[in-house]
Amino acid sequence: MIRKKLIAGNWKMNKTSADAVALARDIVFSLGTQSSVDVVVCPPFTALEGVARAVDGSLVKLGAQNMHFEASGAFTGEVSAPMLRALFATHVILGHSERRTLFGETDELVNKKVLSALKNQLRPIVCVGESLAEREAGSTLKVVQAQTERALDGVSKEIAASIIIAYEPVWAIGTGKVATTEQAQEVHGFIRGLLAKAYGDAVAQRIRILYGGSMKPANAPELLAQKDIDGGLIGGASLEVRSFIELVNAAAGAS
Ligand code: PGA
């Protein structure tokens, strides 16, 4: 398998710094020396430094949930890629649907962030996905295509394999409504095709495409067994060590 599975926890606006450190320690302890799956945790900004220390020397990697595209300047309330790098973050979630719908992030803004992340050696986890209305209108693939192509505009073939895509149908996020394996695989395969068109098949085969949206230990094995589903971006089930580790184990089992 050329693509190592990846399980990323998106903790969203949950956990104080102390609670985040405790969870990160539990994850490190429970994972032990397993190395067949890449594991990333994305705590809130306030917990990044503490969690960086807690995962230091382990196989768990650190991600942020957002960033500004400029390196520094008069952008009150924002955090930049070099600042995240200085805390040993290796990944950053960009264009999450909550950022798009609640904070007005556009495809153009997401694209600027993607380019800035890559320039600063951060791996972007680029989120794309349709709303319920878009799915019901039959425009899922069109929406996903536009979001994917716009987010990756200007990303060169040489660096494209560092990108991670997360397909997250908006109607499945935090709702308990998971996409069926067929629905998910259809979109993942479609995204792989878009990547192949943009970067060639060899590069497209190296890019990981995660599924996100109510992924839980119970539904993960079937999703992760699909040929183009390379892992998960996990919200709710990443907030407790037990369910998160079960998801990592499911990914290991599907590898
Ligand atoms: P969920 O969130 O697992 O709670 O549905 C996923 C996400 O928003 O990344």
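A. Quick peek at the site of the ligand. The environment of the ligand is formed by 13 residues, the closest being Lys12, His96, Glu168, Gly174 and Ser214. The separation between an oxygen atom of the ligand and a polar side-chain atom of Glu168 is 2.7 Å. In the environment of the ligand, an oxygen atom lies 2.7 Å from a nitrogen or oxygen atom belonging to the backbone of Ser214. Its residues assigned to classes, the shell around the ligand comprises 4 nonpolar, 7 polar and 2 charged.

B. Local environment of the environment of Asp56. With respect to the helices, strands and loops of the structure, Asp56 is situated in the loop between α2 (48-55) and β3 (60-64). According to the relative accessible area criterion, Asp56 is exposed, its value standing at 65%.

C. The arrangement of α2 in detail. When you tally the buried positions in α2, you get 6 out of 8 residues, the bulk of the element. All of the buried residues along α2 are Leu48, Gly50, Val51, Ala52, Ala54 and Val55. Tucked inside the fold, the buried residues of α2 contact α1 (17-31), β2 (38-42), β3 and α3 (81-86). With its phi angle positive at about 80 degrees, Gly57 sits one or two positions after the end of α2.

D. Fine view of the environment of Ser17. Relative to the helices and strands, Ser17 is located in helix α1. The exposure class assigned to Ser17 is partly exposed, which follows from its relative accessible area of 32%. Linking Ser17 and Val128, residues 111 residues apart in sequence, is a C-alpha distance of 29 Å. If we skip the residues at most four places from it in the chain, Ser17 touches Thr46 and Ala47.

E. Geometry of the packing of helix α5 (residues 107-119) against helix α7 (residues 140-151). Contact pair α5 / α7: the axes reach a minimum separation of 8 Å and the direction vectors enclose 40 degrees. For the element pair α5 / α7, the angle class is oblique. Here α5 contributes Asp107, Val110, Asn111 and Val114 to the contact with α7, which in turn contributes Gln147, Arg150 and Ala151.

F. Main features of the sheet that holds β2. Reading around the circumference, β1-β2-β3-β4-β5-β6-β7-β8 is the order of the 8 strands in this closed barrel, with parallel pairing throughout. Strand-to-strand twist in this sheet, taken as the mean axis angle between neighbours without regard to direction, amounts to 25 degrees. Both strand β6 (residues 164-167) and strand β7 (residues 208-212) contribute to a ladder of 4 bridges, which runs parallel. Bridge assignment links Ile164 to a residue of β7, and that residue is Arg208.

G. Structural detail: the packing of aromatic side chains. Enumeration according to the criterion identifies 1 aromatic pair in this entry. The aromatic ring of Phe103 is capped on one face by Arg99, whose charged end is 4.2 Å from the ring centroid.

H. Here's a closer look at the pattern of salt bridges. Evaluated as defined, the whole model comprises 15 salt bridges. In this structure, Glu105 and Arg99 form a salt bridge, with 3.0 Å as the shortest nitrogen-oxygen distance. By relative accessible area, which is 22% here, Arg99 ends up partly exposed. Taking the shortest distance from any N to any O, the salt bridge between Arg135 and Glu130 comes out at 2.7 Å. For the pair shown, Arg135 and Glu130 are each scored as buried.

I. Looking closely at the environment of Gly232. Looking at the secondary structure, you find Gly232 in strand β8 (residues 231-234). On the basis of relative accessible area, Gly232 is assigned to the buried category, the value being 0%. Residues Gly232 and His91, 141 residues apart in the sequence, show an inter-C-alpha distance of 14 Å.

Rules of the game
- Residues numbered from 1 in each chain as written.
- Predicted model: local features only at pLDDT ≥ 70, side-chain atom pairs only at ≥ 80, totals over all residues.
- Heavy atoms only, no water.
- Near = heavy atom within 4 Å.
- Polar contact = N/O pair within 3.5 Å; in protein donor to acceptor, adjacent residues only side chain to side chain.
- Nonpolar A, V, L, I, M, F, W, Y, C, P; charged D, E, K, R; others polar.
- Helix = DSSP H or I, 4+ residues; strand = E, 2+ residues; numbered from the N terminus.
- Buried < 20%, exposed > 50% of the residue type's maximum accessible area, 1.4 Å probe, protein only.
- Contact = heavy atoms within 4.5 Å.
- Axes fitted to C-alpha atoms, helices over the stretch in contact; angles between N-to-C directions.
- Parallel < 35°, antiparallel > 145°, perpendicular 65-115°, else oblique.
- Pairing = 2+ DSSP bridges.
- Phe/Tyr/Trp six-rings, centres within 6.5 Å; stacked < 30°, edge-to-face > 60°.
- Lys NZ or Arg CZ within 6 Å of the ring centre and 35° of its normal.
- Salt bridge = Lys/Arg side-chain N within 4 Å of Asp/Glu carboxyl O.

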